[in-house]
Amino acid sequence: MDSTDRFGIGIRASRAILFLWRGIVMARKMLVDGELGQTIDEEKQYDFDLFVIGAGSGGVRASRTSAAFGAKVAICELPFHPISSEVIGGIGGTCVIRGCVPKKILVYGAQFRGEFEDCRNFGWELSDQIDFNWKKLLHNKTQEITRLNGIYKRLLSNAGVTMFEGEGKLIDAHLVEVTQSDGTTKQYSAKHILIATGSRAQRVNIPGKELAITSDEALSLDELPKRVVILGGGYIAVEFASIWRGLGAEVDLFYRKELPLRGFDDEMRAVVAKNLEGRGIRLHPGTNLSELRNGENGVRVLTDHGDEITADVVLFATGRLPNTKRLNLQAVGVEVDKTGAIKVDEYSRTTVPNIWAVGDVTNRMNLTPVALMEGTCFSKTVFGGQPTKPDYIDIPCAVFCIPPLSVVGLNEQQALEQAKSDILVYTSSFNPMKNTISGRQEKTVMKLVVDSETDKVLGASMCGPDAPEIMQGLAVALKCGATKAQFDGTVGIHPSAAEEFVTMRSITRRVAAGAKPKANI
Amino acid sequence: MAAAPSLRAPPLTLASTAAALRTFSRTLVLLPQKPLFTSSRALRSPPLPPFRSNLPARRLATRAGANGGNGSVDPRQFDFDLFTIGAGSGGVRASRFAATYGAKVAICELPFSTISSESAGGVGGTCVLRGCVPKKLLVYSSKYSHEFEESRGFGWTYEADPMHDWSTLIANKNAELQRLTGIYKNILQNSGVTLIEGRGKIVDPHTVDVDGKHYTARHILISVGGRPNLPDIPGIEHAIDSDAALDLPSKPEKIAIVGGGYIALEFAGIFTGLKSEVHVFIRQKKVLRGFDEEIRNFVSEQMSLRGIEFHTEETPQAILKSSDGLLSLRTNKGTVDGFSHIMFATGRRPNTKNLGLEDVGVELAKNGAILVDEYSQTSVDSIWAVGDATNRLNLTPVALMEGGAFAKTVFGKEPTVPDYRAVPSAVFSQPPIGQVGLTEEQAIQEYGDVDIYTANFRPLKATLSGLPDRVFMKLIVCANTNKVLGVHLCGEDSPEIIQGIAIAVKAGLTKADFDSTVGIHPTSAEELVTMRSPTRKIRKDPSSAMEKNVDEVRSAVDK
C-alpha cells in the first residue's frame, strides 16, 4: 500500500479544493480496499463492530448512526468536568462542555450590556446600578451543560450504544484498553475503531506561562476578572474579548498580525477590529507577550514592545492541538502529522485500514457541524454500504464576537487566487435601523464576491447583529451554486438587515483576475 | 372617457383607445386569477405570477415603444415624461428609475404628517412614516422588556425595575422619521425628479391637477398606497387606527386591538412589551388568516404566554365611552370595559377616492383597488399603478419591485413583469414570523403529495433565561420533485433567517440541497439544514405512504 499517496493529505480549510480534487483520483482505490478488509474480518469474532474513543460531536454522531445501521457499538469517554485534561472530559465533548455551547451562553450574557446602553434612547430608564452576578451565570451555565451531558448520554443509550467511562487507548489494530478512574483496566476488541478524541487548548511557551489560563478555565472562572489580557487573534480570542468586555472587564487583546482573524476576508477583519475597539476593547496588533510574572495585585504581563500591564486573568487563545498523545497510536501504526493530527484519507481512514478518525483530532476543519458530517460519512461508508466523502466546499461558519461575523464560501483574497475571470465585489456598509435610535456608532458590513464570468456568488460575509442566523440561508444558496441574478431576483424582507444581501445592485469594485487583492488594512 | 379634455390634453386616437379597451377586456376575462390580487391581505402569495402570458405580443410591442400609442413616437409635447402621484416606496422607486433611464419626471405628494388623511401624507409614504419603519422602531423598544426578563437568568439584576418613558420613544421616533423623509426628498432631488407638494388628481389620461395647477405627462403613475379601514359601528369615532397608534401622546394603560392580521399582532406585541394590558379581539377562531395553520397556532400560544389575552370569534358591535373617559367594547359575546384605547386593525383600503380615476376610465375593483395588467398598466394606456393602490401583494419590497419593473418596461425598453413567486415576508410579532413560499394547505392543494418537516424547540437562550420561549420551523417539500415549496418560521430572528432561505426557495432548491449544507453552530437557523426525518407525509393515495419505513430507517441514521 502506498501510504504516502493515500494519507499525505492534511487538509486545512483553505486547501479543501485541492483535497477534493485529489479525492476523485483516490475514490476507486478506496472501494477496493473496503471490500478487501471485509473478507478478512468476517472470519473473526469481536466484542464490538465499532469501538469509538471520545464522545464529542463526531464520536457520538458516528456511534449513533453506526448503531442505526445495525452495528454493535461501544464508546468510551473520560469522566465529566468543565475543564478538560488527560483524564477528564465528558460526554458531549468540547462543543457541549467547553466550546460552542458554554461560549454562546456567555456571549448571550455579555450582549446585555450593549442592550442596556441601546435601550435608553428607546425610552427605557434604568437605574445606574445594574449588577451582574457572575456566579449565577456560571451556575446556570453549568446546569445547562450538565443537562446536555445527560441528553447526550440518553441519546447514546437509546441508540443502543454501550458506554464506558475511562481513558481509551489502542493496544493493537483491533483492541482498545479502557482505564477507569480507579485505575483498573479492561480491554475490548472491535472490528473497527474510530478515534474522535478532539483537541485541547495550547499555551505558548513563554516564561510564566503557568500563570495563564486557556479557554477551558475561562469558561469556568470562580471570580469574574476586572482586568483581562488575551493573547491571540483567532476566533476564540475575539469571542472572549467580547464576553469579558460585555460582562464589565477591562480587556487588552494582543496579537501578532496587523488584524485579528487571520484566514478571514481582510476587509471583514478590519471591520471586526474596529467594532471591538468601538465596544471598548483595547487592541494591541503586532504585539506578543514575552513574559508573565506574579505581581502583588495580579499577573504582571510583559510585552515584546517593552510595556507592562497588570491583569487579574491572562488568557492564551493561541491555538489548539489534537488529543493524540496518550492513544498509543505509533505502536499500532496510525500516523500523525507534525501537530499530532491523525492523518486520514478522504473517507476518514487512518494508515491502519480498520482504524478511522473524525473531528478535531484530524485537524481538518475544526467545527462541530463538520465533525458531525465526518461522523455520518464514516458510518455510511463503513456500516451503510455507501462510501461517502465529507464535502468541505462552502461550509459556513461564525465568530461570536459582539457583533458577530459570519461567512460562507471564498473570501476576496481566496477568490482572486482561484479566479479565472474577473471578480466582482459588492459591499454594503450601513447603519442598522436599531442604531438610528440608540445612537450606537457601529456599522453593519456585508460583502458578496461574484465571478464575473459565471455570475456565481463565490463568497458572502457579514459582520453585524444576527449575522450567523442570516448566513445559514445564504449558505444553502451558495452550496447549490446560486448566481448574483438569483440573489437579485429574491424579494427582500422589509425591514431587516438581511434584505441588504438581495438588494446590492451596484458593484463596489471589479478586480481583474490575478490582481493583488485589495486589502483595507 | 368621460373627462373633458383640457386644451393641452392630447386627443386620443380612436384606434388606440379601441385597442386599449380590447386588450383590457381580454385581461378582465381572466378574472379567476384576480381574487388573489384583491384579497384583503395578500400574504397568500400566489404560487404563479398572476396574468402570466395573457397579453398578446402586439401589446408588448406597444409598451416597449414606451412613447405613447401604437408603437409610433407620439409627437405631442408634455411637461413631463412621467408624472407620479404618491411618493411612497413604489412611487419613489419608479420615479428614480425612470429618471435614470433619461425620463423627465415629476412626483407629487401630500404634506408630511404622521397621521395620513385626504390632505396629509409625506414623502416616504406608509412604509417610512406610518408602517414598516416606525412599527419596527416601536418593536425594538418594546422587545427590551423581554430582554430584561431574559437577562436575569444570565446573572443581571436591577435595583429597580426598568421604567419606560413613552414620550422619549415617540420623540426619537419622530426625529428619525423627519430624517428619513428628508433623505427621501434628497434621493428624489439627486435623481433629478421634480417634487411637487400637494394633492394630485387626474384630469385626463395625460393631465394631473395638483392644487389647481395642471401638469401634462406622457405617462401617469398612480402610487397612492392604502389607508387603514375602520368598520362603521356605533362609537367608532372613539377608536384609533395604526396611524394613530404609532404616534399616541401617551402610552395606553389598557388597549383593545380588534383584528387578527399582522398589524394587530405586531401592535399587540408592542404594547405588551411596553407594559400595557392588551386584549386582542378576532372574528375568526385563529389569528393570521392565510398563514400556515401551525404557525397560526404557534404564534398565538407564544403571544399568550407573554400576557396577551385573545378573544376569539368575537365581532365588535359598538364602542361605548363612559363618564370616566374609559372605553368599553361590545361584541357579539359580551362587553369588556376599562380600555384607555381601542384600536382597529381591520384591514386597509387603496387610497383611490377622489383621484378622478373613474372619470378618465381607470377601472377599479369593488374595494377601490386599481385594476392593472401584469405590467402594472391600467385600463387607460397612459396610466399605470403600482403598490398598495393596486392591492396585489401589499409589501414594500413588492412595491419596489413593481416600481422598478414599471420603469424598465416604460422607459428602459425592457418589458418586465414583476415576479410574485416565493416572495418572503415577515410579521414582527413577538416572537416574529418569517415565511416564504406555500403554506402546507396550499402545497397539498397544488401538489398533493408533500413531506412536512417540523421542529419545535427551546432555543439555547431560553434554557438559561428560564422563559417559556420556543421556536417553530417548518419545511414543506414536494414528494415527487424534492423541491422545497415553503418554509415557515416563528421565533427569535425569524425575519432575518428567512431572507437567505428565500434565495434558496426562489432558486428552486431541493431538500437534498438543504441537507447538503453544513450548519452554523450554535444557531437557530442550523435546524433548517438538519431536519432529517419528515414529521408527516401527505399522500393523495394513502397506500403510497407505506414507503415510510425505509425512510424512517434512513432518517434515524441521519438524525
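Residues numbered from 1 in each chain as written. Chains lettered and ligands numbered in written order. Predicted model: local features only at pLDDT ≥ 70, side-chain atom pairs only at ≥ 80, totals over all residues. Heavy atoms only, no water.

### Quick notes on helix α12 (residues 396-411) of chain B
Residue and element names in this part refer to chain B. With 16 residues, α12 extends 22 Å between its outermost C-alpha atoms, agreeing within 8% with the 22 Å of an ideal straight helix rising 1.5 Å per residue. Here α12 lies mainly inside the structure; 14 of its 16 residues are buried. Remark: K413 follows α12 within two positions and exhibits a positive phi of approximately 55°. (Helix = DSSP H or I, 4+ residues; strand = E, 2+ residues; numbered from the N terminus. Expected span 1.5 Å × (residues − 1). Buried < 20%, exposed > 50% of the residue type's maximum accessible area, 1.4 Å probe, protein only.)

### Brief notes about the UniProt feature "domain: Pyridine nucleotide-disulphide oxidoreductase dimerisation" (unreviewed entry) in chain B
UniProt feature "domain: Pyridine nucleotide-disulphide oxidoreductase dimerisation" (unreviewed entry): in the numbering of this structure it lies at residues 423-531 of chain B. The distance from the first to the last C-alpha atom of residues 423-531 of chain B is 23 Å, and the span holds 30% helix and 28% strand. (UniProt positions renumbered as here; feature names shortened; annotations may be inferred.)

### Remarks on the sheet that holds strand β14 (residues 298-303) of chain A
Residue and element names in this part refer to chain A. Read from one edge to the other, the open sheet built from three strands follows the order β13-β14-β15, with strand pairing classed as antiparallel. Strands at the two margins of the open sheet, each flanked by one partner only, are β13 (289-295) and β15 (308-311). When strand polarity is set aside, the average angle formed by the axes of neighbouring strands in this sheet is 25°. Inspection of the sheet shows β13 paired to β14 by six bridges, in the antiparallel sense. When the bridges of β14 are listed, G295 appears paired with G298. (Pairing = 2+ DSSP bridges. Axes fitted to C-alpha atoms, helices over the stretch in contact; angles between N-to-C directions.)

### Details of the interface of chain A and chain B
Taken together, the contacts link 82 residues of chain A with 79 residues of chain B. Interface area for chain A against chain B, summed over the two sides, is near 7,000 Å², with a carbon-plus-sulfur share of 68%. At the boundary of chain A and chain B, one finds zero salt bridges. The interface formed by chain A and chain B contains 22 residue pairs in polar contact (both at pLDDT 80 or more). Of the residues assigned to the side of chain A that touches chain B, the class counts are 42 nonpolar, 21 polar and 19 charged. (Contact = heavy atoms within 4.5 Å. Buried area = accessible area lost by both parts, 1.4 Å probe. Salt bridge = Lys/Arg side-chain N within 4 Å of Asp/Glu carboxyl O. Polar contact = N/O pair within 3.5 Å; in protein donor to acceptor, adjacent residues only side chain to side chain. Nonpolar A, V, L, I, M, F, W, Y, C, P; charged D, E, K, R; others polar.)

### Observations regarding the nonpolar core
One finds I230, W244 and L253 of chain A together with I257 and V487 of chain B to be the most contacted residues of the largest nonpolar core, which totals 174 residues. Counting residues per element, this core draws most heavily on helix α5 (residues 100-119) of chain A, at ten residues. In terms of nonpolar packing, the next biggest core, distinct from the first, is built from 24 residues, Y215, L355, V372 and A385 of chain B among them. (Core = buried A, V, L, I, M, F, W, Y, C linked by side-chain atoms within 4.5 Å.)

### A closer look at the pattern of salt bridges
Under the criterion given, the structure shown has 49 salt bridges over all chains. R227 of chain B is paired through a salt bridge with E118 of chain B; the nearest N and O atoms lie 3.2 Å apart. Within this pair, whereas R227 of chain B is found in strand β9 (residues 226-228), its partner E118 of chain B is found in the loop between β2 (105-109) and α5 (125-130), the two being separated by 109 residues in sequence. D161 of chain B is the partner of R152 of chain B in a salt bridge, and the nearest nitrogen-oxygen pair spans 3.3 Å. A relative accessible area of 53% means that D161 of chain B is categorised as exposed. One network of salt bridges, in which partners are shared, links D265, E267, E412, K447 and R509 of chain A.

### Re the UniProt feature "domain: FAD/NAD(P)-binding" (unreviewed entry) in chain A
Within this structure's numbering, the places UniProt gives as "domain: FAD/NAD(P)-binding" (unreviewed entry) are residues 48-375 of chain A. Structurally, residues 48-375 of chain A is divided into 32% helix and 26% strand, and its ends, taken at the C-alpha atoms, are 18 Å apart.

### A look at the packing of helix α6 (residues 132-153) of chain B against helix α9 (residues 262-273) of chain B
Residues and elements named next belong to chain B. The contact between α6 and α9 brings their axes to 7 Å, and the two run at 40°. In terms of their interaxial angle, α6 and α9 are classed as oblique. For the crossing formed where α6 meets α9, the hand is left-handed. Contacts between α6 and α9 involve K135, L138, V139, S142 and S145 on the former and, on the latter, Y262, E266, G269, I270 and G273. Split into classes, the residues belonging to the contact of α6 with α9 amount to four nonpolar, four polar and two charged. (Parallel < 35°, antiparallel > 145°, perpendicular 65-115°, else oblique. Left-handed = near helix turned anticlockwise from the far one by under 90°.)

### A few points about the pairing of strand β23 (residues 457-463) of chain A
Residues and elements named next belong to chain A. The buried fraction of β23 is high, at seven of seven residues. As paired strands, strand β20 (residues 405-409) and β23 are joined by five bridges and run antiparallel to one another. Opposite V408, over in β23, you have A460 as the bridge partner. The sheet contact formed by strand β22 (residues 444-451) and β23 spans six bridges and is antiparallel. Residue pairing in the sheet places V445 in a bridge with C463 of β23. The hairpin turn running from β22 into β23, its antiparallel successor, is five residues long, and D455 in that turn takes a positive phi close to 70°.

### Section: the sheet that holds strand β11 (residues 277-281) of chain B
Residues and elements named next belong to chain B. An order of β12-β11-β10-β16 is seen for the four strands of this open sheet, with the pairing classed as parallel. Unpaired on one side and paired on the other, β12 (309-311) and β16 (341-344) mark the two borders of the sheet. On average, each strand axis in the sheet is inclined to that of its neighbour by 20°, with strand direction left out of account. As defined by bridge partners, strand β10 (residues 254-258) adjoins β11 across five bridges and the pair is classed as parallel. Bridging across to β11, K254 finds its partner in E277.

### Considering the UniProt feature "binding site: FAD" (unreviewed entry) in chain A
Residue and element names in this part refer to chain A. Cross-referencing UniProt, the feature "binding site: FAD" (unreviewed entry) maps to K104, G168, T197, G198, S199 and D360 in the present numbering. Maximum C-alpha separation among the annotated residues is 29.8 Å over a sequence range of 257 residues, too wide for a single clustered spot. Tracing the backbone through its elements, the reader meets S199 in strand β9 (residues 199-201). Taking relative accessible area as the criterion, S199 reaches 5% and is therefore assigned buried.

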